[in-house]
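These are the residues of each chain, in order.
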Amino acid sequence: MPNLLATASQVANSLSNLKAKYIKYLETLCSANGIDISTLKTEGDSHKILEMYFGGLPVLVGLKYFSHLSTLRLFGQQITCLKPLGEVAPTLEELWVCEGAVKDLAGIDHCVRLKKLYLYDNSIEDANCLSALTNLQHLSLASNKLKTLTFLQNMKDLTNLSLADNKMKDYVIGSVVWPENVQHLDISANCFSSNRALFPLTMLTSLRSLNIDPITSQSQVSPNLFFAWIAHSFRFIESIDDDPISESFVVTFRPMVDTIFAEKLGKLAKADEKYYKDLRMADKHSGKIENRLACLAEALTVYKDGMQTKDAKKEIVKRVHEICVNNSKAVKNIKKNYALLSEYIRALAKYRIACDLESCQTFDLRDGTPEEVAFITQTLNYSCSMKNSYEIIVKSCSLVGNVSKNEAERMFILEKDSTEKLFDIRTIFILMDRFTRKDYTKHPVRLVRDFEVIKKQAKEKTTIFFIPLVLSKAATARGASKFIDEDGMSSSNDNLVWSDISLVAVLAVEIQPIGQLTTDQLRHMDQFEDSYNEQLKKLNDMHIKLDVKEEKHRRNEDPAETSIEAVSNQQSKIKKVSDVLSNISNLTGRACDEKIPFDWFTIRNPLEIALAYFDFKPIKEINDMMIRLTVLELCDHKLTKLAGIQELVSLQYLSIRKNKLTSLKKLNRLPCLKLLDASFNHISKLDQLPSSLLHVDLSHNRLQTLSVCHSLGNVRHLRVHRNQIKSMKGVESCVQLETFFINDNLLKDKNELELLKALPKLTHLDMSANPLSTAEGYRSKVMQAAQYLISLDRQIIPLEERHVNTMKQTTRGLSLELIDRICPEWRNKRELMICDQKIEQIILEKAQMEELSHIRLIDLSKNRLSSVREISSFNITHLILNNNCLKTIATTDGQALQPFACLENLDISNNAINNTTILRLGIPLLLKLRFINMSSNSLSRFDCSIFDLPNLESIDLSNNVIKTIIRRPLRSLTSLNIQNNKLTTLTPLSCPNLISLDVSNNKLASCASLKPLCEFKLLETLDCRNNSVTERRVYVDFIKANVSSVKKLDDEQMSNEIEVTKRRLSRANDLISLSRRSSLVTSSMLSWFEREEGETLDNMKRASSFLEPSAAETPSRPRRLEPLPGRRKTNSESNGLMLLGTKAVQHRK
């Protein structure tokens, strides 16, 4: 019992001491903020800000008393636990816990209202719990020890981010999915070995300041490439490493981007040219080799048949004959393997060019020296258990590290994975793209020392292999290797991951069985000739005299393939896209669900970038995939149908190259598609593709025309080389075109070069290998038609020959700083005028938008905006956006509130809006809209369903090219202006409450075309001028009879019957006066007037009895008289008759 009492006493004392300490800490906190602790319970909730500096607070205590706390700043404290923050989580919006000892962030995830969080100079390694703080706008984690940055992905509102001095390596930052709205980023003082890890920063299209120094050693970085990347990727950049961007930077480096691309495209063209040249050469040589071997085999057969049975040389001849026949049969297979090797070498050249751009030449991928290649070859052959059966020859060696002779024991071959051990061209480059990423460091790996293990997995006739070489001390220590056992199976005891190894080389190797034809002999005919003649010499030395007759033998060709570049025409089994999508494992390394930008500083397209740098997050079911998928690569799947592709409603980038497709019709149901690669298919005719496309590759097909271009008004890159195109007609519709490759076709007509004048943005053009390109004056005519070209036929145009391209020099983002400079008094006004400032994007921070909440009118006319959804939360009533390039106004994506909830007046005139882009503007979401101006655009139809808004009163669609109207009652509409269009009828327009209608300057020819007017019972103003229907004599009567409410017709007040009669009598009196003064007006003319007017003299007399003589009036709109039938009119007659109305009636006594 005494012991229990003593224990209880100790506990009580401990609690008392602890309570005393906590009270002391709380007193310190209160004292630092000038708060009397005795009033804490009663007045604590009145304090919204707490601050404490210079130590003295090891724990967070007493926060429950500050129930309205919004800001907490703690510096230099020894706090290690943040769980007490849960007591103020409902109100806390700004938190500073800096220069302390925080390691564990548990508890901070409850503070979901946080907008600003500063945790710099602590010891944080894992910050994943921050992923719950989706409202963060400012985040600083500088000077910590972060191991991963995956928590950033869901922070959509983040604009300011500091990750400086975290000693992060490439694999950490290379795996980040950056929040797209970041404007200020600091990643300086880290341990990046290559700028390639930073290449995904291109996603930050709104970036304004970047601190990045140092990336790597300054001697490695190419300054021109680095600054060109900055200028190309970050259009609104204002400072780099705290140095402000000057106008000279923009002027220098933005034009340089096109020149760099032209130079790289030229290098790529040389690689392509070499590839096709090698293929043609191999095809040519294969025929000769096959013929020579057939002749030799025939001579050996003749010699063998003539030998005696017991002749000792017979076995030699038989063996040589067998080798000769086998080599003859192997020619086709060697040709296929040579084509595979050539394709790899071309892909490697492209990859190296891309790496130079993406890493600013900081990623070292070099060719091995002869000594290094010899050492690797020797090591591979020495470790091979079947080295007596074949020889391993290294055909291509690309090193990413250094190899020395003392590392032979550490060198291994890397298997692809446990199920598929062989790498192909696609997967070998995926490996090089991703081996430094964070997700790869945890993957298990399987290593091989014996090449025979790899060969066993390949098909029997495969002679070309792609293998990665790695170095691993751990593998050597554990004895992790594989050898072929007695049963031909492999065994392994390796349990390694990527962090245990390092990639040093990627090889393309050829195995050469003894006595077999090689790819070198196929490529270099002289090597085959030397081997052939040497074999004949050996036989001759053994007194085997052969009579080789050099005659042409029929080649043993596969009927499905006539050359190495031919495409199979055989009927194959139908295979659909849905067959591939049904098995999710087929999409490994071929799909992505990130929304990535279109423009990247590389020669690789956005689809290739997505698969190289971004991941496809795990999915639970197939329907989820159909909605999320944005990138899909279906190359070389032998597809014959696209059935199932239409289900991928979010798809943006699609590659279906190297299949057996003949039609692309299903693609029209993909509204978001931006990139399409359908090269190497069997497409011969194509009429339409989605108008949203920006990049289209239809090369290596059978196209004969460019009729598909009529639907590609937004395309920027078009590749149709190596088809059968005979005319460029249609390309003039691609007004946004920047890159156009139409080389290796059948263009002949030099006059078609005039079509290039319709392409004002064209900078890269390749028309080589066409009959047209050899015509006299070809180059000068192209230069005259396309004045902004940077490269022609993959060669850079000298500066003295080209116009200076200024289209990409100056761009701006709409920021609060820019608003302060242009409208310094905006805080005291309700209007904001930012006109003609070359603004491309709105980059306002969320907090800054709240400062602009009092604005009611915004004028952003004469800029370069494509979207204004960033300001959709504003309470503006008037929005002026004319003379921009709008694609989106309102959207519901990720928004809880209705966009532009108060907008009443919208001006989007002169924006080049067409029938497709109007569907993406989001007009149906503007529920309060009353007036909209869409004049001077490119609409060819008036789709009333788009404008079916409950409050819309006025629509201006003048100066478009509208030909048709799609019916939908517009019950609230009172004013409609569709003048200067191409309407031939108003059917089926339905606006029952319309008051004013302007259809002047259209093609309305008959009263029947005005039939819908009969339903407009409230119509008061109608303008049909400059339509042929107004020349009809019954036109006015039709309007009066059917639309009796009209008060103003064709800009004239409508008159009653008596006033009309007055007007007619006045015209008749004018004609009588003229006839008395001149002999030009004859009785036949007067009778013709009477017939034309449709009234007799008696009717006029009866009507005149109601009029006073002074009431007659002259016509307000004189019209020209037609000449009398059967009589020529003189000049004097014409001038005289011009003064008279066509419906005047002569009253002659």
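1. Quick look at the packing of aromatic side chains
In step 1: Taken as a whole and judged by the stated rule, the model has 21 aromatic pairs.
In step 2: Each ring, one from Phe227 and one from Phe249, has its centre 5.9 Å from the other, and the planes form 85°; the classification is edge-to-face. Placement of Phe227 in helix H4 (residues 223-233) and of Phe249 in helix H5 (residues 247-305) is noted, with a sequence separation of 22 residues between them.
In step 3: Centroid distance Phe942 to Phe947: 5.7 Å. Interplanar angle 65°. Geometry classified as edge-to-face. Taken individually, Phe942 and Phe947 each receive the classification buried, so the pair is uniform in this respect.
In step 4: The structure contains a cluster of three or more aromatic residues connected by ring pairs, namely Phe226, Phe227, Trp229, Phe234, Phe249 and Phe253.
In step 5: A cation sits over an aromatic face here: Arg196 above Phe363, 4.5 Å from the ring centre.
In step 6: Of note, Arg346 hangs over the ring of Tyr275, and the distance from its end group to the ring centre comes to 4.1 Å.

2. Here's the deal with the side chain of Thr888
In step 1: Examined against the element boundaries, Thr888 turns out to sit in the loop between strand E33 (878-880) and strand E34 (905-907).
In step 2: In this structure Thr888 comes out as buried when scored by relative accessible area, which is 19%.
In step 3: Not counting the four nearest positions on each side in its chain, Thr888 is found in contact with Ser866, Ser867, Val868, Arg869, Arg920 and Leu921.

3. A few points about the UniProt feature "domain: U2A'/phosphoprotein 32 family A C-terminal" (unreviewed entry) in the protein
In step 1: Under the present numbering, the feature "domain: U2A'/phosphoprotein 32 family A C-terminal" (unreviewed entry) in UniProt falls on residues 775-793 and 1032-1050.
In step 2: A helix fraction of 42% and a strand fraction of 11% characterise residues 775-793, whose end C-alpha atoms lie 14 Å from each other.
In step 3: Structurally, residues 1032-1050 comprises 42% helix and 11% strand, and the distance from its first C-alpha atom to its last is 14 Å.

4. Observations regarding the nonpolar core
In step 1: Counting 102 residues, the largest nonpolar core has Leu130, Leu139, Leu152 and Trp178 as its most contacted members.
In step 2: Among the elements that make up this core, the one with the highest residue count is H5 (seven residues).
In step 3: Among residues more than four places away in sequence, those in contact with Leu152 are Leu139, Leu158, Leu161, Leu163, Val176, Val177, Trp178 and Pro179.

5. Digging into the pattern of salt bridges
In step 1: Overall, the coordinates contain 45 salt bridges when judged by the stated rule.
In step 2: Between Arg366 and Glu372 there is a salt bridge, and its shortest N-O distance comes to 3.1 Å.
In step 3: On the basis of relative accessible area, Arg366 is assigned to the partly exposed category, the value being 22%.
In step 4: Of the residues examined, Glu372 reaches a relative accessible area of 12% and is grouped as buried.
In step 5: The closest approach of N and O atoms between Asp948 and Arg968, which form a salt bridge, is 3.3 Å. Within this pair, whereas Asp948 is found in the loop between strand E36 (941-943) and strand E37 (954-956), its partner Arg968 is found in the loop between strand E38 (964-966) and strand E39 (975-977), the two being separated by 20 residues in sequence.
In step 6: Judged by its relative accessible area of 37%, Arg968 falls in the partly exposed class.
In step 7: In the salt-bridge network here, residues are joined through shared partners; they are Arg196, Glu358, Asp433 and Arg604.

Analysis parameters
- Residues numbered from 1 in each chain as written.
- Predicted model: local features only at pLDDT ≥ 70, side-chain atom pairs only at ≥ 80, totals over all residues.
- Heavy atoms only, no water.
- Phe/Tyr/Trp six-rings, centres within 6.5 Å; stacked < 30°, edge-to-face > 60°.
- Helix = DSSP H or I, 4+ residues; strand = E, 2+ residues; numbered from the N terminus.
- Buried < 20%, exposed > 50% of the residue type's maximum accessible area, 1.4 Å probe, protein only.
- Lys NZ or Arg CZ within 6 Å of the ring centre and 35° of its normal.
- Contact = heavy atoms within 4.5 Å.
- UniProt positions renumbered as here; feature names shortened; annotations may be inferred.
- Core = buried A, V, L, I, M, F, W, Y, C linked by side-chain atoms within 4.5 Å.
- Salt bridge = Lys/Arg side-chain N within 4 Å of Asp/Glu carboxyl O.

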